Each structure stands twice: as C-alpha cells, then as structure tokens.
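Below are the chains, spelled out letter by letter.
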Amino acid sequence: MTSVPSHARAVVIGGGIIGCSTAYHLAKLGWTDVVLLERAKLTSGSTFHAAGLVGQLRNSANITQLLGHSVSLYAELEKETGLSTGWRQTGGLRLACSEPRMIELKRQVTTARSFGLEMHMLSPKEAQDLWPVMSLEGIVGAVFLPSDGQANPSDITQALARGARMHGAKIIEDCPVTSIDRDARGITGVTTPFGKIACDTVILCAGQWTREVAAQVGVNVPLVSVEHQYLITEPIAGVTRDLPTMRDPDNLIYFREEVGGVTMGGYEPNPKPWAVDGIPEGFHFTLLNNDWDHFEQIMERAIMRVPALESVGIKEMINGPESFTPDGNFILGEASECPRLFIGAGFNAFGIASAGGAGKALAEWAVAGEQPYDLWPVDIRRFGRPHRDVDWVRARTLELYGKHYSIGWPGEEHASGRPLRRSPLYDRLKAAGAVFGEKLGWERPNWFARNGGEAVELYSFARPNWFDAVGYEHQAARERVALFDQTSFAKFMMVGRDAAAALDWICANNVTRAPGTLTYTQMLNAKGGIECDLTVARLAEDRFYIVTGTGFATHDFDWIMRNIPANMDAQLVDVTSAYATFALMGPNARDVLSRVTRDDVSNASFPFAHCRGIVIAGAPVLALRVTYVGELGWELHIPTELALSVYDALKREGGAFGLVDAGYRAIESLRLEKGYRAWGADIGPDHTPFEAGLGWAVKLKKGTDFLGRDALLAPRDAPLKKQMACFTLADPDVALWGRETILRDGERVGWLTSGGWGYTMATNIGYGYVRRAGGVDRDFIMSGRYELEVATERVPCEVHMEPLYDPQSARVKA
C-alpha cells in the first residue's frame, strides 16, 4: 500500500527529467522535506523516448547560461551519484546549405562569443573530417561548438532521482495527483488516491499533462502535444563513439551516434498534432504508431546527407508525442493566477538539454521567492489572453514546429491565428498599406507601403525591403508629424484610498505628485533590478492610470498585484480593451492637436509630463504629454467606440501639417536615436537603473522607502560592474540587429542588447553594457578603442554616453 506524508515543504508533480532535476536542486538547496509524485514510473511520459541531443546556444545570454548549467551538471552527476548518465561531450556540428544560412551561422558564432562560448567556423571539408560518413552535397560551410554533447535521458533522470534522495527528497511512483488544492491566497496542498499532502508550494513538471492539471486551479499553460519521429540504425562503417551531434537545418534533419549507428530525426514543415481531444488514460511508456509516409520527406533528405542510410538496417522507429509551445520557448515560473504554483513544462523537444539548468532555476525561484536571474524569454507571464484558446495555441504551435529549423530572420512575424485582437483602426490602416506585426494577439502596424509598393515584408540580414518606407515615417516624425496606433498598449487603473501609498512603495520614481502629473518610472525587485518600465498618470488623489508595453500585460499586472502591501485599499483593474491609444508625435503635433480640440494645449497650459482630459470630435480623451521618440507629442487615450471619430478628425486636420501614419519600426529607429531603453532587451531584472543610465528616474533623495531601495543604496560607493553605452557604426553595408560582440581594446566586454539604423543621424546605432569585473565608469568606457563583431567580422565603431539625438528638449518640452 502506497503511503504519502501528511505534509511537505514542496510537492513536485511529474517524474520526468524536469521534475527530477527540480527535486534534486531543491534538496541540494536544503529543502529536504520535498516530495516528488509520479503517476506511473519515472521517465514514463516523454523522457524515455527523447533523442538526447544537448545543445547550449540560444538568442538569450541567460537561457544559454541555463543550458550551460545542464552541461556542467551532466558532466559531474555520475561522480556524485554513482549512476551512469550517458553524457558525452562530443561537440555539436551545424551545417549551412545556403548563403543566408551561412550568414545566420556566422551571426551565431558571434553570439556564442558574446556569451562566452567557444564556437568555430568550418569549411565543408573540415566539417566532413568531423563527420566522415556525411556527403558534402550542397554544403557551403559549418560551425562547431565543442562543449555540446549527448546523453541518455532515462539514465540522467535516474541519476537525478538518486541524487534527490541522497539529499533528503522523497520520490513516490504510481501516485497520481488527483487535484491541486488552493484557497484565495494560493496553494494549500495536493490530493492523491492515498491521501492529502499539505504544502504551500507545488512545482508542476507534468510534461504534456501540465495544461490539464494546471487548469484545475485556474492556471493556463499554453502547450499542446505534437508527434515527433526519429529512427535508430544498425551500425554504420565509419561511425565512431566520439562523433559529434549534427544538425542540417536546411534539410530539417539531426543526427547523433547510437551504439555504432545513428539516431536520425527531423522537423517536418507539416507536423501532426496529437491528443487534440485529450491524452488517453494510461498513456505511459507508450509510443504512437509509426507514420512512414509522413517521415519519408525527412528520410529522403537524410539519405542525401548520409548515403549509408539507404542500405543500413533500421533497429527501431520511435514516434513519441512531446509538448510544444506557441513561441518555441519552454515555460518556467510562478503562475500569475495562483501564488506558489510553479510551472516547468513545454520544452519543445529540447528538455534534455534544458533540464539541468531549468530544474536549478525553478528550485532557486521557489526557495527565494523570486527568479534567480532574468528569465523573461521563458517566463510563463509572457503569455496572455489569446493563449487561453487551445485551438489558437495549437495553430501557432504547429506553425512554430514547422519553422523549427527555419532561418531565424530579424523581426520575423508569424501568420497563424491572425488577425485576432484588432484596433478600431485596423481596416483603415490596412487600406492605407499597413504591414502588420503581432504581439500578444494584437495586430500592430509595423510600417506602411506607399506609392504602390507591395505591403509584404521580405526578410533579410542586410537592409530589408521596408528600409526606405520606415525612413519616410521616421523623417515625418522628426520634421513634421506622425500618428502611431498604439492601442495594444496594456493599460491598468489603480484605485482606492491607499492607491498612492501602494504605488509609492512599488515605483522607484515619485508618482505621488499632484493630480494631473505624469511620471516615467521603473518598478524594481529586491535586488534593485528593473521588473517594469512604464508611465503612471495621477488622475485624482485616489486614481492612477498605468501604461506599459503590449507584451508585458500579464507580467506587469502580476508584479503590481503581488507587491501591493497587505491591508492596503488599492485595487488594480486591467482596462486595456476600454481605450484605443494614438501617439501624435512631431514638431507639428501641437498645431494638429489645437485644430481638433477647443482645449488649450499650449506649453503653458499643458506642460511636459502632465496629463489631462480634453475633447476631440465629441470624444472625451485622456491626453498624456509624453514621448518615446524624442519629439513634441501626446498619447491620446480614447474610449474604444469613439476612436474612429478621433482618428478621422486628426487625419482631416493633420494633412495641412504633413501628418502621416507610421508604425512600430519607425518608433524603434526614433527611440534608438534618443537613447530610450526597451524592457526585455536593454533593461530587465538583471539591470539596475544606475547601470542602465536611468538613475535620474529614482527617488533616492526623497527619503521615501520603496521596493529595491536598499539594494540601490548598498553599493553606492562601489563601482558598477556594467554600464549601458551607445555605439555607432556609419557603414551602411553593415546591419546591427543585436547580440553583436562589443570589443574594447581588442577584448570582449559585452554585446549589443538592441540595434538598428538611425535615419536622422545616418548611422547604425546599438546599445549594450560594457562589463568589467573590477568595475566600470564613464572614464573607463570613453577611454577605450571599440569594435563590434558582426557575423564574425570586426568593424570599428564609436562609443557615446549621451543621446545621439537630443535637441535639449526644445521640441519635446516646448
């Protein structure tokens, strides 16, 4: 008879490699009162049929670091536990069969160097020397990452389980969780067929069952199951145990050595969803029927690359479902809908590579109550309303699965599930030539095709087809006036007797000035890192209007809610859908606005950083005097049903002043010139305001306590370890997209967090942190000779500590 303890400090649900890694790391951190519950046997979900390739490089430095933790753990785990893991550091080889792919690989080499990984460019012959059984057909080059490798997923899981037990954790198999129990404050325990376990922390690592289990407590985990097939061959002459893993993305295939033969699989462009109506009962240690007809497209490419496959015997064909997500990244973190419920799921077929680091991050998050470092690319709070519709999630997920080995173009958009959330202006803007992007389900105009140009985006690592169109919009904002539809902004209202006191605690800047004022502020974590970057308008003594970026709606709402001090009368309401938002920006903005309203919008009556209600075309409008482009302007927040009337009035009167519709690509170019930071790229939880050059927006002199203040005060006499700087590179044949390596006097000191072209300044612009263990200051930064490594080529550049475009606010504040 299975027995379960009556209580535990934490319960981990799921005995795959993610759950066992999490239990192992929790126990090593001193949480010995941890129970892992597995409904059947360890590895019986999808871990047992995983292919076992372990790669590290991702577009994010922190996720690359997380995967590096996996490699470090797997290299030492056998020594600690006495169980074999099958880990072999064979290195990873990646091929290019087209010039665009070769450029992508060169950019990946530079990214690896930026993040401190060793990675090498190879000729086709050098690649074949590492992989002698492959054909060179179509190969134009390759790259090799020596620290990648392969492992046996089941062996690693069993070793992690033993390690968890050695450190005090309890693992119970054949014990399904029938319910997660909660109250209004969060987790209270779990129920099993063998009794209840009281606990206040649950970490849900149930693989493709995670969405169903989390839904019991109102938590949405947007993942779906997709079939994934690979085969294992008999021995092949020339295949040795030290053969690197190999990926041939142009041909959609991957390989690893397996007992003298190879494991070969791929990512077909027409994937097959599984369990659309739910996962069958008793589905453990179970595979699906092989679909050779579907696999044929992969097999044909594999035979071209490895001709021996045409005649070698096939030991086994594996068709196992795995969980995938709508953006191709896995899901970690504390659910916003239920405090102390943590999620680790949706690993998109690289769960083995991720497990060591993901389990460590989850454990540290649960123990400390905050993420150990910035994990935004995989944070569950990156999702929102559209992701509650499983059909939408499945459509987008299948598109992303089909693009698994596609070239990762800068600014690439996806097509499935669109259009979904639309501004009232959508049809008007589409008719005007808008080329839309999508964020959190919202259709947003990226740029406008004009003068008969085709409203289609053609992707490129060089200058894209929208370059001139965006330049026209940029120029309009700088010299005349531009109108941006930013309806997708997330918008919250905080109300209540203690609203001011709550925000005074949560915000780093002083938002409690008189009603009618507008404040740009960060919200900091206890380490002083930037969790939110937004504007707060004080509408009344007890009412505040908060505006933040589209993609941060769930994250920022959750952060504010979690940090309202107990017993304060302060309620937060999401009012995003209630208001359309237009940004009227440019030196002629006041001329246009004064034509459509009788309200006084002169600088004397309506100064910068203020807000007030005005009337436009019969509509009550909340106007915020603010800018993200470095020009005179207003954000106009309009009741949704009246948005078209306001737009028509602005267009009608704006023609005489050169008003044009403009999109988000122009906003990006404009903000780069002005030096405005972007959360999720330039700033985040790992950056303090002082490191980011935003110390002016912190109320340290006010003497008021606020979240993160102690952390900012502690090292004030110590030098900063990193500091944001601007880099310019005038060569128009070079394109900056981010992650290019920053070199000071020939030594790597950081990478670009964002990059693009500044049309007014006629130069490439990039931002990034200059880092040095001994500390950095302005003199150190400005005294160096700088280069940027772009796709493996070093290019001289200039460094700046002040905004490139700054008319001393003559236009902005006048």
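If you're wondering where the values come from, they're calculated on a predicted model, not measured in any experiment.

Colleague: When you look at the overall build of the protein chain in this model, what are you seeing that I'm missing?
Modeller: Looking only at helices and strands, the protein chain has 18 helices and 39 strands in total. Against the compact-globule benchmark of 28 Å for 814 residues, the protein chain has a radius of gyration of 27 Å, which places it among compact chains. Expressed as lengths along the three principal axes of its C-alpha atoms, the size of the protein chain is roughly 80 × 60 × 55 Å. Sorting the 814 residues of the protein chain into buried and exposed places 61% on the buried side. Of the accessible surface of the protein chain, which amounts to about 29,800 Å², a share of 50% is contributed by carbon and sulfur atoms. Of the charged side chains in the protein chain, 82 are positive and 97 negative; the average position of the first set lies 5 Å away from that of the second.

Colleague: Where do I start with the pairing of strand β26 (residues 530–540) in this structure?
Modeller: Residues in a regular strand project their side chains so that they alternate between the two faces of the sheet. Of all the 11 residues making up β26, 10 are buried; the element is thus mostly covered by neighbouring parts of the structure. The pairing of strand β25 (residues 518–524) with β26 spans seven bridges and is antiparallel. Bridging across to β26, Thr519 finds its partner in Val536. Between β25 and β26, which pair antiparallel and follow one another directly, the connecting turn spans five residues, one of which, Gly528, has a positive phi of 90 degrees. Sheet topology note: the β26/strand β27 (residues 543–548) ladder contains five bridges and is antiparallel. Across the sheet, residue Ala537 finds its bridge partner in β27, namely Tyr545. Count of turn residues in the β26/β27 antiparallel hairpin: two residues.

Colleague: For this particular structure, what's the right way to read helix α2 (residues 61–81)?
Modeller: In an α-helix, one full turn covers 3.6 residues, which means residues spaced three or four apart are oriented alike. With 21 residues, α2 extends 30 Å between its outermost C-alpha atoms, agreeing within 8% with the 30 Å of an ideal straight helix rising 1.5 Å per residue. A bend of about 35 degrees at Ala75 is the largest found in α2. The opening residue of α2 is Ser60, an N-cap whose side-chain oxygen sits 3.2 Å from the backbone nitrogen of Asn62.

Colleague: Can you help me understand the sheet that holds strand β9 (residues 179–183) in this one?
Modeller: Sheet strands line up and pair through hydrogen bonds in the backbone, either parallel or antiparallel. In spatial order, the strands read β9-β10-β11; together these three strands make up an open sheet with antiparallel pairing. Looking at the sheet topology across the chains shown, the edges are occupied by β9 and β11 (195–198). Strand after strand, the sheet turns through a mean of 25 degrees between neighbouring axes, direction not considered.

Colleague: Just checking my understanding: could you explain the pattern of salt bridges for this structure?
Modeller: Following the criterion strictly, the structure yields 49 salt bridges and no others. Residue Arg256 is joined to Glu258 by a salt bridge in which the shortest nitrogen-to-oxygen separation is 2.9 Å. As a salt-bridge pair, Glu802 and Arg778 come within 3.2 Å of each other at their nearest N and O atoms. Here the residue Glu802 occupies a position in the segment after β39 (793–800), and Arg778 occupies one in helix α18 (residues 778–782), the gap between them amounting to 24 residues. By relative accessible area, Glu802 is classed as partly exposed at 47%. Looking at Arg778, the relative accessible area reads 41%, which means it is partly exposed. Here the residues in one salt-bridge network are Glu334, Asp379, Arg381, Asp558 and Arg562, joined through shared partners.

Colleague: So what exactly am I meant to see when it comes to the pairing of strand β2 (residues 34–37) here?
Modeller: Side chains of β2 alternate between two faces, with Val34 and Leu36 and Val35 and Leu37 buried alike. Relative to β2, strand β1 (residues 10–13) runs parallel, the two being bridged by four bridges. Pairing of Ile13 across the sheet is with Leu37, part of β2. Pairing between β2 and strand β8 (residues 170–172): three bridges, direction parallel.

Colleague: In this structure, what is going on with the side chain of Thr81? I would like to understand it.
Modeller: Mapping Thr81 onto the fold places it in helix α2. Overall, the relative accessible area of 6% leaves Thr81 in the buried class. Those residues within four positions of Thr81 in sequence are excluded, and the remaining contacts are Ala159, Arg162, Gly163 and Met166.

Colleague: Help me out: how do you make sense of the sheet that holds β26 in this one?
Modeller: Ordered by their spatial adjacency, five strands build an open sheet running β25-β26-β27-β24-β28, and the pairing between neighbours is antiparallel. Sheet topology places β25 and β28 (571–574) at the edges, where each strand pairs with a single neighbour. Direction aside, the axes of adjacent strands within the sheet are offset by 30 degrees on average.

The rules behind each value
- Residues numbered from 1 in each chain as written.
- Predicted model: local features only at pLDDT ≥ 70, side-chain atom pairs only at ≥ 80, totals over all residues.
- Heavy atoms only, no water.
- Helix = DSSP H or I, 4+ residues; strand = E, 2+ residues; numbered from the N terminus.
- Rg over C-alpha atoms; globule rule 2.2 N^0.38 Å.
- Buried < 20%, exposed > 50% of the residue type's maximum accessible area, 1.4 Å probe, protein only.
- Areas by Shrake-Rupley, 256 points an atom, 1.4 Å probe, with all protein chains shown as cover.
- Lys, Arg positive; Asp, Glu negative; His and termini not counted.
- Charge placed at Lys NZ, Arg CZ, Asp CG, Glu CD.
- Pairing = 2+ DSSP bridges.
- Expected span 1.5 Å × (residues − 1).
- Bend = angle between axes of the 7 residues up to and from the residue.
- Polar contact = N/O pair within 3.5 Å; in protein donor to acceptor, adjacent residues only side chain to side chain.
- Axes fitted to C-alpha atoms, helices over the stretch in contact; angles between N-to-C directions.
- Salt bridge = Lys/Arg side-chain N within 4 Å of Asp/Glu carboxyl O.
- Contact = heavy atoms within 4.5 Å.

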